[in-house]
Each structure stands twice: as C-alpha cells, then as structure tokens.
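# Structural overview
Chain by chain, the residues:
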4 protein chains.
Amino acid sequence: MIRASVIGATGYTGGELLRWLFAHPQVEVAHCTSESSPGKSISSIHRDLTSKTRNEIFTEKCVPETIAKDSDVVFTCLPHGSSARTAKMFLDRGVKVIDLSADYRLKSAAVYKKWYGLAHPHPQLLKEAAYGLPEKYRNKIAAARLVANPGCFATTSILTALPLLHYGLIDPKSIVIDAKSGVTGAGKKLEPKYLFSEANENFSAYGVNHHRHMPEIEQEIAVAGNKPSITFVPHLLPVNRGILAAVYATLKKKMTTRQALEFYVKFYAAEPFVAVLPEGVYPELKSVQRNNFCQIGVKVDERNGRVIAFGALDNLGKGASSQAVQNMNLMFGFDETCGLY
Amino acid sequence: MIRASVIGATGYTGGELLRWLFAHPQVEVAHCTSESSPGKSISSIHRDLTSKTRNEIFTEKCVPETIAKDSDVVFTCLPHGSSARTAKMFLDRGVKVIDLSADYRLKSAAVYKKWYGLAHPHPQLLKEAAYGLPEKYRNKIAAARLVANPGCFATTSILTALPLLHYGLIDPKSIVIDAKSGVTGAGKKLEPKYLFSEANENFSAYGVNHHRHMPEIEQEIAVAGNKPSITFVPHLLPVNRGILAAVYATLKKKMTTRQALEFYVKFYAAEPFVAVLPEGVYPELKSVQRNNFCQIGVKVDERNGRVIAFGALDNLGKGASSQAVQNMNLMFGFDETCGLY
Amino acid sequence: MIRASVIGATGYTGGELLRWLFAHPQVEVAHCTSESSPGKSISSIHRDLTSKTRNEIFTEKCVPETIAKDSDVVFTCLPHGSSARTAKMFLDRGVKVIDLSADYRLKSAAVYKKWYGLAHPHPQLLKEAAYGLPEKYRNKIAAARLVANPGCFATTSILTALPLLHYGLIDPKSIVIDAKSGVTGAGKKLEPKYLFSEANENFSAYGVNHHRHMPEIEQEIAVAGNKPSITFVPHLLPVNRGILAAVYATLKKKMTTRQALEFYVKFYAAEPFVAVLPEGVYPELKSVQRNNFCQIGVKVDERNGRVIAFGALDNLGKGASSQAVQNMNLMFGFDETCGLY
Amino acid sequence: MIRASVIGATGYTGGELLRWLFAHPQVEVAHCTSESSPGKSISSIHRDLTSKTRNEIFTEKCVPETIAKDSDVVFTCLPHGSSARTAKMFLDRGVKVIDLSADYRLKSAAVYKKWYGLAHPHPQLLKEAAYGLPEKYRNKIAAARLVANPGCFATTSILTALPLLHYGLIDPKSIVIDAKSGVTGAGKKLEPKYLFSEANENFSAYGVNHHRHMPEIEQEIAVAGNKPSITFVPHLLPVNRGILAAVYATLKKKMTTRQALEFYVKFYAAEPFVAVLPEGVYPELKSVQRNNFCQIGVKVDERNGRVIAFGALDNLGKGASSQAVQNMNLMFGFDETCGLY
C-alpha cells in the first residue's frame, strides 16, 4: 500500500486520475491540491466521485513540506513551467514524481523553449526523466524517480507508428499523421471554440502542422539515428473523450496487410495494454474510452505501396491518467496491470 | 423594400436574424453593429453566411444618428438595460424597433426590477410596447413602433398553454411546465457549464422555479383576470437548438385527448406558424429547427384528469429571430409569411 | 469466489454487466450465452472489454444443464417471456437467478398480461421473487433465490418519490413524473427513431403516459394501502446513458426546501448508493454515468405548495447492471459495495 | 416557372431537396414518389416541412407516364440500378433528369460493374450524361438532358484537390485523402453501426481504401492524361451533416502557403459556391451545413514539401441536393444562384 497525492486535482486529468486511484487496491490517496479552489470536497468538484463509498478528501493549497511527508508518489497535473518547478520540490524531498505536464518530455531544453516559449527551469533533469511510455521504456521507468507522462496525441502516434520504424518498413520522411481528438483534450479552457454550441455538430482541423506534440512524436519514433520528419494535423472531434489517429507512410517494399499486421502483432505480443486488431477490423473510440488500452488496426494500400495504421486510445486514459497509473505500478513494483483494465 | 439594421449582430440571435434577413425578398440589410468587434466582415463572424452570393457587410460601432438615417427598422439584440436605452434612441429618431432583449416584455417596471435587478430606464414605454407574439397581438404589433420580441421559453410555454386557459379548461393554479432547451439559448457565454465537455452527454435542471421567463409567461397566459401561478423548471439539453416544453395541468372536467385537441385545432386554425399535431403524434426538436414553426401535441391522462400539452420550437427561430421577422412583416404590411417557412 | 453466468450477453445490459463482473474481486465469469451469435469472443462483441488482461470468454447457446453445474448465480438478460422461462430452468437446478427482464417485477399476473401482452409462464414465482431494489428490500433480497432487477425508469422514479410517500408528505394522486432517458435504454433495437441521424440533435416524448414501467412504479411507491396514481411521461434524450426524472407533487402542508431535504437525508442516510445533494444543487447525468449511484436533489415551490424532486442514475448502471451486482452482493453475503463505486 | 418531381422522396436526400425546391422562386413541385410509403403527406414524412405555408403534397407510386406529363425535370433519388432505369424512362418521355444516385457518374461500364456489382442497364447513356459538378462542367450541364449528380465524398475531394492537379503542382501518385462524414451520408439504413448508441461519442474509419467514391474521384481529378492514384480513407463522424476532407500531397517544387492559396483563389475566383479561406483559416462543418458552399483552406508543410488542403461541405447540400438544384438552375437557364445560398 502506497500513499499518492495529486497536485492540481480539479481538471479533467486530475479527476480521471482520482477515479483510477480510488479503485486501485495498492493506493491510498493522501492529498489533493488546488491553488484556485482549496478547501473543497473532491465529490463536489468531480461530482461522479461520490464519497459515500470512500473517505471524503478536501483540496488544499500545495505545501510540499507537508505533502511530501505523507506521500510515496505525487502526480503533478499543473500547467507547464509550474509543473517542472513543483516536481523538483518533491524530488528534492525524496518523493517520486509522475509529471503529467509536458515539462520533462522533451530531451532538449532548446526544443522545449521553442515550443513552450520559456526557458526550462530544471534542464538538468531532462536527461534523468524517464519518458513514461512503458511499451518503450519499461525498465527505465521502473528505476526512475521522475517520469514524464507522455502527451495524448504523442502516445497515440508513437504506438501506432513505432513498429513501422522499428522494423524499417517505411520511408521515415513520408509520414503523415491525421489525428482527431475529443474535446476534453483541451481541458476546461474557457475559449469560444470549446463551447458546446460551437464544437457540437462541428469538426475542423487546428494547430495545422504546428502542434506541441509534434516534437515529442518525432523524438520518440526516431530509431537508430533515423530522424523522421512528420506532417501532423490534429482535428477537434465532437466527443468528450478519445483520440484516433491515422498514420500514412510509404512502404519501402511490397507487403500485404497480413504481413504488415504480423509485424505489429510481434511487436506488441507481450504488451498488456496494446491490442492489435485482426485484418479488416479498425479501432473505434468507444472501445478505448475509460480503459487503458490502445487499439491498433492496419491496412496496406498495395496499389500505391502505402501503409495506413490506425491507433485509438482515451486521451484521459492511456493518453494521460491511466497511463500514469501504469507507470506508477512499474515504479513501485506492482503488477503492471494492477487496478487497470 | 425596407432597410433593416441589426444592433448587436455578433451573437447567435444576430447571426440567425441575418440569415433570415439576407433571404427576405423585401429587406435590404443596412447596418450591423458590434461594440466589441467593429470593422469585421459578417462572413468572418458568422462563417456560414458566406458573402459570395451577396454584398459583404462590416460591423460598426452603433451611432444612432447615422444608422437611423439608413434604417426603416432596427432589431436590438443587446443585453437587457442597454437594449432599452438603445431602442429609445432609435424610436426618438422615428425608426421602428423590434427589441429582442427582455427589456420591454414585462408590463410592470417593478416586476422588471425584481427579476432583472435594475430600474427600467424607460418605464413609460412599457405600456406602449407591443408584446411580439403575433398569435395574441397581431393587430397591436401591426400598429406598433416598438415590439418586444418574446423570450424563447415564454413563446413555447404561452403557445402551448394558452388554449387551455382561453377556453377555461384547466385549474390555473395547477400548471407545471417542464421545459428543455438547447445550449444556444444561453448565447455565447463563457461559463464552464456551457463547455462542450460539460454539456455534452449531460442533462440537468437549472434555475429551478426561478427563471426570468416565468413572470413573462404568467403575464401572458393570464386570461380575464384569472391569474395563473406556475411551477417552471428549465433543463439544459445537449443539442444546439430547440426547446420542448411539457405543460401539465388539472382539467376542470373530463375530456378525451380528441376533445382537447379540438380546442387546440380551433384556436390555431388560422395561424400560419402554429401546427397542431394529430392524436398520438408529439412534437420533436428536429421538426422545428431552423424554421419558424411551433408544433404542439396533446394527450389527456383520463385516469388522473390531467392534460399534457407539448410544444416545440427553435429557440433561435420562433423563439427569437424568425419570430422577429414575422413581427417585422406585420409592422410593414408584408404578407405575414413573407421570407419565412 | 463465486461463479456467475450471463444469459444473453450481447446487449448493452449484458456488456455493462460483464464490465462490472470482470472487475469484481469475488466473481469468476463462467459462461456467456447468445442464441443469435454463439461462438464469438466477448472482446469481439463488446470491443471495450479487451481480453489482454483476463481470460477470453466465448459465447455459447444456453444449455441450462451445463451452465447450472458451473454457476452459483445466473443473470438473465433476455426478452420478457423468454427470460421468465429461462430463469425457472436455473432455479429448478438450484442456481440463484437475477433476472434483468421485466418478468418477475410485477406482483400481479393480470397486470403483467395487460402491459406485456402475454400470460405469465410461471405466475407462482411472482410472489416469491424479491424486487431487487436494495433500498427497499435489502433483507428479502439477501434471502432470495430469485431477484427481479427493477427497470431503469422505475428505479429512478421510485428512489426519487419514495421518501415523499413514506413520510406522507404529498397527495398521492398529484404525482407527475417527467422523465428523460439516454438512447441505450432502448437496447440495440433497429428502429428508425434510434438511428443517430434521427435521435441526435433531437428530443421528444414517447409512450406518453403509457410506458411499461408505470405499473412497476405505482406498485412500489404505494405505501400502507395508499395507492398512488401517477402521470408518467418519458422522453428520449440524445445521450448514450443516463436517466433524469423530475417528480412533481402537491405537498400536504407548507414546507421549505430545507425541511423537505431533511426527510430525504434521513431516509437515505445509511444507503451506500443514494446521494442526496445539498440545497441548490441538482443531479446531472454526468455525475452518475458508469457508476452505481442515484443522486437526488429537491426544491420546494413554496408559492404553489409543490415539491420538485430530481433523481438521476445510469440506465445501464443503477438502473440495470450495477444494481444487479449490488443485488448479487446481498444474495451472497459480500459487502454490499464490493466491486462497486 | 418549371415543374419538378422527386422520384424517391422519403430519404434524407429527398427531404433536403424538397426543402430547397419549396423555397425556390422558379419551381413548382409537381409529384413526389415513394414505392414503400405511397399516399402519405410530405409533412408527415419530413416533419420539418410543415405544410401550413404551402400546398400539401402526397407521395404516390412512380408512374412515369403520368409524372412525365406534369414535369419539366425529375430528380431521381433511388438506389443504384433502379435509378438508372427510372432515369431512362423519363428521358424517353422528354423529361430532363438529374440523377442523384451513382448510376451515371462513372464513364466506364466496366468500372461501374466492378464497384457496384451489376451490369449497367443503359451503358450507352454514360457518355452522354454530364457529370454534375458545375465548377468543372458548367457548359455541358447547361446543355444536358441527363445530369449525374456527384457523390458527397467525391464533390469534396475533387473540389479540394483539383487546383493542385490543374496547375500541375503535385505528384499525382502522392495523394492521400483522409475524409470524415456525418451520419446522414449513410441515409436511413437500419444497420447497428448507425444506431445512436453506437455512432454517438464514437469515431472510426470504414471502407478503408475501398469506398465507391474512389473511382469517381480518380476519374474527375485526372488532368490531361495524368492518372492519379489516391489513398482514400473515409471516417464516420458523430454529427448529422457535413463532410470534411484533408488532402495531403507532395509538392513538385517549393512553395509557401500564400503561394499555394493564390492558385486556389485564382481557380475559384468566379465560382459562386466555392469559398477559399484566408491563410491560417480552415474550414469547419458548421460553416457549410444547410447551405450550398464548399469552403477550402490550404497550408503548406514547407519542411516536408507537402501541401495540405482541407475542403468542407454539407453531404446533403453541395454534396447532394442543393448541388442538384444548382445543376437544375444551369439546365433551365436560371441564375445559377437562384434559390440557393
């Protein structure tokens, strides 16, 4: 039994994280913080987390001294910049940190500055931080005191594209990723485009080829010095949760769908939370909402020598909070699937 | 051909009004105003109103002197208080006004103050203003220089309940109205509850028995000194447009559904935009979205001596902008259905 | 550890039931049946139930002899009529049955025949069957071998209205229930009105005052011979899951909202899965989706001497499958909240 | 004033067509046919087309002799195969035909047979039929007695990709089209995947690289013998109406977004219903729903030498019924924008 605290517990990511943690057999939630709404019950903020079957928890301001004493791990769900600094304060007090912000994902402080517009407060930690994708860094995560939980578009894109690059099947300069995300991906931002009356019955691209998850994807799909350069277009889907990405790339040699699928099946055979679908079956959002799975489907366009790989996951689940719990399981030596499904 | 201007053209009501006015064979749109976004093209604000098939119009700040010269009628779509003052400025310059705010709907300045929290700036106009429900005030509207366009919940509730009170069929103290509205009813307010991620896949009551349209409804369904006192509960529906209200009331004497329907059919026989549905058919939102109709269905619960009347309309249509155009048609002597459907 | 089988596992109720059972620490799922699709993996039917973290289960045709041997309890999720007969076959083989159909809910075979159009195949079991609402029949359920799991509209309406009748606060002839349900309430019926293009952006009443859950509600809210007679109007909401009902009734004597709420708080104080909300807070669907809670909010319309009580729950959760698991917990002596939240 | 009849008036395409025709100043609707539901009022089938402001029309079985006498043009909205035969019967009787099925779109009877699985009943008409895309075949349409109204995915893809091929800007073998369509694109088919509970909050690809509009797109974007070979992936969007397609292709030479946009602006300068958006603005569904516009946005990925072009339109509007009216305007010498917006 470990004690976990959530730093920044009022957003969608924080609420989803608490949902998983409350049901986890090895975790007791110690503290929840909120700078803007301290002193509120979690069940009044996340009204689906009714407290009748557990102890009620109240938000408090983040005082690292106090929280560190009661916590084996903290999950930092703060805006970038702020998250990096808070994470450091807990690391300095011997608490393991899983950071759900973007702060420790990029290995290069220069790239971080370019995309996030500020100097990284603790660049020395960038190298140490484990990129929290268990499918790629399982051992490093298990040994880490700081895990950078990946972005939702990044997790989807990397898991979907990685086998193609790992086995050298495609031209790494030919990758086009057409991604679609539900609206919780934007958090609770009060911007007109996220209003129901604007987003409902609507669909459009945004951040066209200029989304902050692009460098994270390129960093992580690079294999053996082969630097991919992707075209990445996210769209806003009128659903609450879920991401589906289509990855298009040129095959280096002729291949059937069955052959391409075999590479995927082999690559993910031992992975508890990546499911490769049979030929002719493609992922859909409703299969991955509120669980920790990434589902992948593959089709080869033999006429044009192109592979089409689809990946889907829940932007609040495998794209954020349940992946954070999977990382926690690794860091504390629990069964990797403990409390997850 | 008349010239019409829209004061406050950037909201949902303004956009919908422009959609009807651009297609109206007797209207030329002269000016559109916006205090917050002057100098913008209408097609960039309301992107569905592409300008390729008409002259582009640009928003400007509201200068009554200028606009009055070019306008036979102005539609004021401003926040309450502000709308009353602006309307007066145009009336003083000889321009007819259709006010889409709540400012001239209530006949009592005291009731206005109670519900809207401010002293009415021009209480002397309250008596003069015609309540813009053609089904009740057709002649008064035709002769008016100031029309107070009704609220969306009010139009729905009044049209649905009125025949019951007009023919004295029900106990006026027994009325319960359970109403459901699409999210555009709230305008473009940047409040968390109107975010897609909050409103989508959700449903709840709000303003329970304390909604500003209540006094308007009670004022207008009062018949011959019989003062009804209603229970009114609005709910927020996860759809963009449309209101459906269920009116429950105790019948004074036994009656079949067929008999109740006959009263409705008679009452609305000559009305171009109120459709009474056959026995066993009930209104639905998709039948009234983007048109100017109110559809009504009726059922008698014979076991309990209670009538159930359902009314549906588009909160931006018959509940706001197309009703305003219907009022305009009456004020200028056009066919009442001109440019409407 | 008990072994549970699901008879009729391919519908929404069956899928949701499996979701809860797979995660239940005291249950092993033994068999899943499907007459129309035998031999299919559960993970291919309910694609969100990916089998990578559990043993895969395959549907089979229902052979009571075989299944009875391997099962401590069966959940029958079949059409009415068929469900009653199947339940009997398992009871005869000593297996406890939780029937999610309507077959054993009504105490009167005559009322059953009137509303379901067929003679009850086993009327002698109607008296024995426990009505599976733990809040009312906890002890009877714990001792039962046959539990009739309540309907979704019925659970919502009963839990919301019961305290008013229990404490004699209202006129039992004055009850109006305006209920709204998500589309999964209709199962996977291939009827035009359940098509996305018809139900989306739409809203309407159906089965107006003639819904099959009406007699069930009236049977269960009757208190001490006081026979209520309700007006009941269900509506189809454009959401996947969730029911919200507004119960309107005339108070016998003056009362404030606070006083009315006190009765509810007292009535449900010890209930793990009924949450009475504070004054001014009303239930919403998103708070009860995918959990086993019923949330209730209350408001008194003092002007008209009327109480308005709102209840919300998930039609597939507390309105069906998770309530069935709650009943199972009681029948097998587990903690009532075991595996639920 | 011309007389138009709609053959197959009960589907979504037929309903939308009637909405446009009823409002068209030069058209009188003569007959509406339905083989499955003859004798029904249009206002009871398409409940938004309330008949109070026009003459009611009743469906009848299709008797070409009768209907031909009263019609200057018929719109055939029938399943493929059937539509081709019916169109021929009207042509033989001297009536102009706009066929909204796929039957006369492909120039090759062999390709038709491959994709639609049946021998074309009137292959001799394939050459004569004008492909009803005014932006490409304006003059041919104006002179035609038979117009093959394009498919919705085809119209979107062709209008979005055509300038790139016309000006020779891209490698014609590099085109990837990732398209997303609202659910009305599937008509009123009673298949599980089109149920609200399945399609809502969901998103997935279908017909991956094997959709019937593919050969139509390739036929029409071929320029001067340059035969493009596309990868085409449609997805099902949880909205009622609208298509958005992203076209990705490799540029033959370096180019900025501004330069690419200039080609589009020039190509569509005179087109009343194609709007090219400014740099940095991308099309969205809500801007094209219920109007006849196609909106296009363009972005160049300079790093990878790739162009991304987005096109959006209403699958029932410019993708079907309002485009049919645009074709009708051309065929009868009306202003091309008459009755459209």
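Residues numbered from 1 in each chain as written. Chains lettered and ligands numbered in written order. Predicted model: local features only at pLDDT ≥ 70, side-chain atom pairs only at ≥ 80, totals over all residues. Heavy atoms only, no water.

## Observations regarding the sheet that holds strand β11 (residues 243-250) of chain C
Residues and elements named next belong to chain C. Pairing is mixed in the open sheet, where seven strands are placed in the order β9-β10-β8-β11-β14-β13-β12. Of all strands in the sheet, those with a lone pairing partner are β9 (204-205) and β12 (274-276), marking the two edges. Relative to strand β13 (residues 294-301), β12 is paired through three bridges, and the arrangement is parallel. Counted as the bridge partner of A275 is Q295 from β13. Relative to strand β14 (residues 306-313), helix α8 (residues 152-166) is tilted by about 140 degrees, and along the sheet it contacts β8 (176-181), β10 (231-236), β11, β12, β13 and β14. (Pairing = 2+ DSSP bridges. Helix = DSSP H or I, 4+ residues; strand = E, 2+ residues; numbered from the N terminus. Contact = heavy atoms within 4.5 Å. Axes fitted to C-alpha atoms, helices over the stretch in contact; angles between N-to-C directions.)

## Description of the relation of the copies chain B and chain A
When chain B is fitted onto chain A, the two copies agree to an RMSD of 0.0 Å after a turn of 180 degrees and an axial shift of 0.0 Å. The two molecules are tied by a two-fold rotation axis, judged by turn and shift. Residue by residue, 100% of the interface of chain B is reproduced at the interface of chain A, so both copies engage with the same surface. (Least-squares fit on C-alpha atoms with pLDDT ≥ 70 in both.)

## Overview of the pairing of β14 of chain C
Walk down a regular strand and you will see the side chains alternate between the two sheet faces. Residue and element names in this part refer to chain C. The buried fraction of β14 amounts to eight of the eight residues, a majority that puts the element mostly inside the structure. Judged from the eight bridges that link them, β11 and β14 form a sheet pairing that is antiparallel. The partner of T250 across the bridge, within β14, is R306. Connecting β13 to the antiparallel partner β14 that follows it, the hairpin turn spans four residues, and G305 within it adopts a positive phi of roughly 60 degrees. (Buried < 20%, exposed > 50% of the residue type's maximum accessible area, 1.4 Å probe, protein only.)

## Section: the relation of the copies chain D and chain A
Relative to chain A, chain D is turned by 180 degrees and slid 0.0 Å along the rotation axis, the superposed coordinates differing by an RMSD of 0.0 Å. Most of the interface of chain D is mirrored in chain A: 100% of its interface residues are interface residues there too.

## Things to note about the interface of chain D and chain A
Contacts between the two partners involve 44 residues from chain D and, on the opposite side, 44 residues from chain A. Summed over both partners, the interface of chain D with chain A buries about 3400 Å², with 49% contributed by carbon and sulfur atoms. Linking chain D to chain A there are six salt bridges. Between the two partners, chain D and chain A, sit 36 residue pairs in polar contact (both at pLDDT 80 or more). The set of elements that each furnish at least two residues to the side of chain D that touches chain A consists of β8 (176-181), α9 (196-199), β9 (204-205), α10 (213-221), β10 (231-236), β11 (243-250), β13 (294-301) and β14 (306-313) of chain D. The dominant element in the side of chain D that touches chain A, judged by the number of residues it contributes, is β8 of chain D, at four residues. Residue composition of the side of chain D that touches chain A, grouped by class: 20 nonpolar, 11 polar and 13 charged. (Buried area = accessible area lost by both parts, 1.4 Å probe. Salt bridge = Lys/Arg side-chain N within 4 Å of Asp/Glu carboxyl O. Polar contact = N/O pair within 3.5 Å; in protein donor to acceptor, adjacent residues only side chain to side chain. Nonpolar A, V, L, I, M, F, W, Y, C, P; charged D, E, K, R; others polar.)

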